[in-house]
Amino acid sequence: MNLEDRVRLPELFKNHSFDVVCNLAAQAGVCYSIENPEVYIDSNIVGFLNLMECMRHNNIKKLVYASSSSVYGMNDKIPFETSDRVDHPISLYAATKKSNELMAYTYSHLYNMQCIGLRFFTVYGPWGRPDMAMFLFTDAILNNKPIKVFNEGKLSRDFTYIDDIVEGVQKIILENQPSQKKNSLYNIGNGSPVKLMDFISAIEKSTGKIAQKTMLPMQPGDVEKTWADTKDLEIDYKYKPETDIQVGVDYFVDWYKKYYNN
């Protein structure tokens, strides 16, 4: 967050009235955090602090913010529950997201705020980040280029379609928890991990082309599997993401073809 942004943010809160703040802004990505750690501290920690200070000084009592499944790090207990310990992040990105959760807890305690953190699980879909597997694989397959398959394909992810994420975020912003807890965390994921090779097969089916695969070892900062336990989200908000992986992949590939005239 640069100096100009630090001036603009208090002005925004001074000139407008908010009932709820939803913070989805962050420097995202595991690999880039290894190469450029300072960017993550400035955006994800300093930026988050400035936002919470604006809320405190303007007496805004509800914050909904994006965390990440990356906070689970090397946890080998699956599925991941929000009650699990998350003391072993293996990337700076994960560490900054864990820091956000701790900062939110502190502010909720000190200033009577309701802070709700959402741990997103491998979000994909149209307009997704170009450094994510969904985009990289589709782009390479359609352009007859090889794809990089890390850990020899022995990975699985709880892929979550973007529309499911949006619906979940909207519900949490607009609805009140039954318990009105000051500080809470929710997993937002499909609750059904997909093997990486099955994910690639879904893209091959949707594109009608077979991928050229370059098998590689595990990337630094990566984990073998993610799997969301969403029972708290289901209990408190009667919501669970449910878009099937092939359906979501088909939506993305269709968007990609139209957007790039491929």
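Just so we're clear, the structure is a prediction, and the values are computed from it rather than from any experiment.

Here's the deal with the overall build of the protein chain
A count of helical and extended segments in the protein chain gives nine helices and ten strands. A compact globule built from 262 residues should have a C-alpha radius of gyration of about 18 Å, and the protein chain, at 19 Å, falls within 12% of that. Each principal axis of the C-alpha distribution contributes one length, and for the protein chain these read about 55 × 40 × 35 Å. Within the protein chain, buried positions represent 44% of all 262 residues. Counting contacts in the protein chain only where the partners sit at least 6 residues apart, residues at least 24 apart contribute 86% of the total. Put simply, the protein chain shows about 13400 Å² of open surface, and 54% of that area lies on carbon and sulfur atoms. Placing the 29 positive and 33 negative side-chain charges of the protein chain at their respective mean positions leaves the two points 1 Å apart.

Thoughts on the pattern of salt bridges
By the definition in use, this model includes 13 salt bridges. Salt-bridge contacts for Asp-87 lead to Arg-85; the nearest nitrogen and oxygen are separated by 2.4 Å. Using a relative accessible area of 39% as the deciding quantity, one classes Asp-87 as partly exposed. A residue is classified by how much of its surface remains accessible, and Arg-85, at 66% relative accessible area, is exposed. A single network of salt bridges, built from pairs that share partners, joins Lys-77, Glu-81, Asp-84, Asp-229 and Lys-231.

Rules behind the numbers
- Residues numbered from 1 in each chain as written.
- Predicted model: local features only at pLDDT ≥ 70, side-chain atom pairs only at ≥ 80, totals over all residues.
- Heavy atoms only, no water.
- Helix = DSSP H or I, 4+ residues; strand = E, 2+ residues; numbered from the N terminus.
- Rg over C-alpha atoms; globule rule 2.2 N^0.38 Å.
- Buried < 20%, exposed > 50% of the residue type's maximum accessible area, 1.4 Å probe, protein only.
- Contact = heavy atoms within 4.5 Å.
- Areas by Shrake-Rupley, 256 points an atom, 1.4 Å probe, with all protein chains shown as cover.
- Lys, Arg positive; Asp, Glu negative; His and termini not counted.
- Charge placed at Lys NZ, Arg CZ, Asp CG, Glu CD.
- Salt bridge = Lys/Arg side-chain N within 4 Å of Asp/Glu carboxyl O.

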